[in-house]
Amino acid sequence: MASTSIIINSTDGFGKSVQKAMTCVNPKSTNEELAALGQMITAAQKHSYQETIRIDKTNCDLEQGVVKKAVPTIATKQAIMGDNTLKVAYNGDGELKGVSAPPNGSPAEILTNPTSAVVDGETVYTFQMQTAPEEDMLIVVYAAQTDNFAAAVHEISTFEEG
């Protein structure tokens, strides 16, 4: 099981380096919180504080590591009110979906099943919207996490001729 510890480095009144180790530290503690703890413990001992070192230990023989997933990007390529289309570039392997909402926040239209084409070396997805979007409408395009990629979200809040 993974564990978190800290080592507090300080100097005593004679100039000698001192280390204080503390095990079973809450792994959810921030580095700032742990540094503050190190400073308080040092002050209680009347030592001069130097630093607090965080140690997160994992037994590689017993525990699986966390696999970092690639972070995909979604970028607006074209959003035109006249032909009710939205084009976005996406470099992940998940299914793209979208939702549009008027200013009051209620979802107005779910966007699914975009068509895709490779344009200048990138995959561009085109959503056909049922109705022309309002100028101040918010559209959120997203892809869920997959085995290879993290989840991605892209918000479009204004429409410009692209």
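Above this text is the structure in question.
This text gives an overview of the structure that appears in the document. What you see is a predicted model, and the numbers here were worked out from it, not measured in a lab.

Rules and cut-offs
Starting afresh in each chain, residues are numbered from 1 along the sequence in its written order. Selection of residues for local features in this predicted model requires a pLDDT of at least 70, selection of side-chain atom pairs for listing and counting requires 80 or more, and totals for whole chains, interfaces and linings are taken over all residues. No hydrogens and no water enter the side-chain calculation; it runs on all heavy atoms of the structure. What counts as a helix is a DSSP run of H or I of at least four residues, what counts as a strand is a run of E of at least two, and both are numbered from the N terminus. The cut-offs for exposure are 20% and 50% of the maximum accessible area for each residue type, with area from a 1.4 Å probe on protein chains only; residues under the lower value are buried, those over the upper are exposed, and the others partly exposed. Contacts were defined at the residue level, with two residues in contact if any of their heavy atoms lie within 4.5 Å. Surface exposure here means Shrake-Rupley accessible area, sampled with a 1.4 Å probe, where a residue is shielded only by the protein chains that are shown. Two strands qualify as a pair provided DSSP detects at least 2 bridges between them. What we call a nonpolar core is a set of buried Ala, Val, Leu, Ile, Met, Phe, Trp, Tyr and Cys residues that are connected through their side-chain atoms within 4.5 Å.

Points about the overall build of the protein chain
Piece 1. Counting secondary structure elements, the protein chain contains one helix and 11 strands.
Piece 2. Listing every helix and strand of the protein chain by position from the N terminus yields β-β-α-β-β-β-β-β-β-β-β-β.
Piece 3. Of all 162 residues assigned to the protein chain, the portion counted as buried reaches 32%.
Piece 4. Partitioning the contacts of the protein chain with sequence separation of at least 6, the portion at a separation of at least 24 is 55%.
Piece 5. On the protein chain, roughly 10,700 Å² of surface is accessible, and the fraction owed to carbon and sulfur atoms is 51%.

Description of the pairing of strand 1 (residues 3-11)
Piece 1. Of all nine residues in strand 1, seven are buried; the element is thus mostly enclosed.
Piece 2. The sheet contact formed by strand 1 and strand 3 (residues 48-57) spans nine bridges and is antiparallel. Note that in strand 3 the partner of Thr4 across the bridge is Asp56.
Piece 3. Bridge analysis of strand 1 against strand 2 (residues 17-22) gives six bridges, and the strand direction is antiparallel. Looking across to strand 2, one finds that Ile6 is bridged to Met22.
Piece 4. Adjacent in sequence and paired antiparallel, strand 1 and strand 2 are bridged by five residues, among which Gly15 carries a positive phi angle near 85 degrees.

Observations concerning the nonpolar core
One broad trend across soluble globular proteins is that nonpolar side chains are buried collectively.
Piece 1. Ranked by internal contacts, the top residues of the largest apolar core, which has 14 residues, are Ile74, Leu86, Val88, Leu96, Phe127, Ile139 and Val141.
Piece 2. Broken down by secondary-structure element, the contributors of at least two residues to this core are strand 5 (85-90), strand 9 (122-128), strand 10 (138-143) and strand 11 (152-156).
Piece 3. Counting five residues, the second largest nonpolar core, distinct from the first, contains Ile6, Val25, Leu34 and Ile41.

So, unusual backbone geometry
Piece 1. Residues other than glycine seldom take positive phi values, yet Cys24 does so here, at roughly 55 degrees.
Piece 2. Of note, Cys24 is situated in the loop between strand 2 and helix 1 (31-44).
Piece 3. Positive phi values are uncommon outside glycine, yet Asp120 reaches one of about 50 degrees.
Piece 4. As for its position among the elements, Asp120 is in the loop between strand 8 (115-119) and strand 9.
Piece 5. Asp120 gets classed as exposed once you look at its relative accessible area, which sits at 79%.

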